[in-house]
Amino acid sequence: MPFLQWSDEFSVNVREIDEQHKRLVGMINTLHEALVAGRGKETQGKIITEMVDYATVHFSTEEKYMRIYSFPGHAVHKAEHDGFVGKAADLKARVDGKGFVLTINVLNFLKDWLQNHILVTDKQYSSYFNSCGLR
Ligand SMILES: [Fe+2]
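This structure is a prediction, so every number in the text was calculated from the model and none was measured.

Conventions and cut-offs
Residues numbered from 1 in each chain as written. Predicted model: local features only at pLDDT ≥ 70, side-chain atom pairs only at ≥ 80, totals over all residues. Axes fitted to C-alpha atoms, helices over the stretch in contact; angles between N-to-C directions. Helix = DSSP H or I, 4+ residues; strand = E, 2+ residues; numbered from the N terminus. Parallel < 35°, antiparallel > 145°, perpendicular 65-115°, else oblique. Contact = placed C-beta atoms within 7 Å. Nonpolar A, V, L, I, M, F, W, Y, C, P; charged D, E, K, R; others polar. Buried ≥ 20, exposed ≤ 12 C-beta atoms within 10 Å, placed from the backbone. Expected span 1.5 Å × (residues − 1). Bend = angle between axes of the 7 residues up to and from the residue.

Participant: Tell me what's going on with the packing of helix H3 (residues 74-96) against helix H4 (residues 104-131), and back it up with residues and numbers.
Facilitator: Angle between the axes and distance between the axes: these two values describe a pair of packed helices. Closest axis-to-axis distance for the H3/H4 pair is 12 Å, and the angle between their directions is 170 degrees. Of the possible angle classes, the one that applies to H3 and H4 is roughly antiparallel. In this structure, H3 contributes His77, Glu80, Phe84 and Leu91 to the contact, and H4 contributes Val106, Trp113, His117 and Thr121. Looking at the contact of H3 with H4 residue by residue, the classes come out as 4 nonpolar, 3 polar and 1 charged.

Participant: Would you mind going over the environment of Glu16 in detail, with residue names and values included?
Facilitator: By secondary structure assignment, the location of Glu16 is in helix H1 (residues 15-36). We classify Glu16 as partly exposed; it has 13 C-beta atoms within 10 Å. Considered as a pair, Glu16 and His58 are 42 residues apart in the sequence and their alpha carbons are 9.7 Å apart.

Participant: Explain H4 to me, and be specific about the residues and the numbers.
Facilitator: The end-to-end C-alpha separation of H4 is 40 Å, in line with the 40 Å expected for 28 residues at 1.5 Å each. Along its length, H4 reaches its greatest deviation from straightness, about 45 degrees, at Asp122. Looking at the buried side of H4, the elements it contacts are H1 and helix H2 (41-68).

Any functional reading would require information beyond the geometric quantities listed.
See the structure below:
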C-alpha cells in the first residue's frame, strides 16, 4: 500500500487536473520510498525540488481555469496555494542547506496538505468547472 493512496474520492472531475494530482501523489510516494530506503540527501533533495516545482506548475493550471471561468472562490483558493508555496520554498531552502534531514513529519505535512486541499478546497470548483464545460 502506498504512503498516499489515490482513490476516486480525490477526483475533481476535470481530467487534466486529476492527472496532475495523481502525479503529485506519485511524487510524495517516491519521496516516502526514498526515506524508507534510506536514500541519500542528494536524491531526497532532488525529489523535493521536482515536487515543489511541479506543484507550482499545477497551481498555475488551476488558477488559469479559475481566472478564465471567473470562479468566485478564486482569491481564497489562490491564497491557500500561496501559503503552500511559501512553506515549500522554506523546505527547498533547507534542502539546499547543510543540516537538512528528511523526516516523516515533513512527509506527513505534504500528504495531509495535499489530501486536505484536494478534498476540501479543490472540490469546491469541481461542479462549477463542469458547468462551464470543463471536464
Ligand atoms: Fe488547488
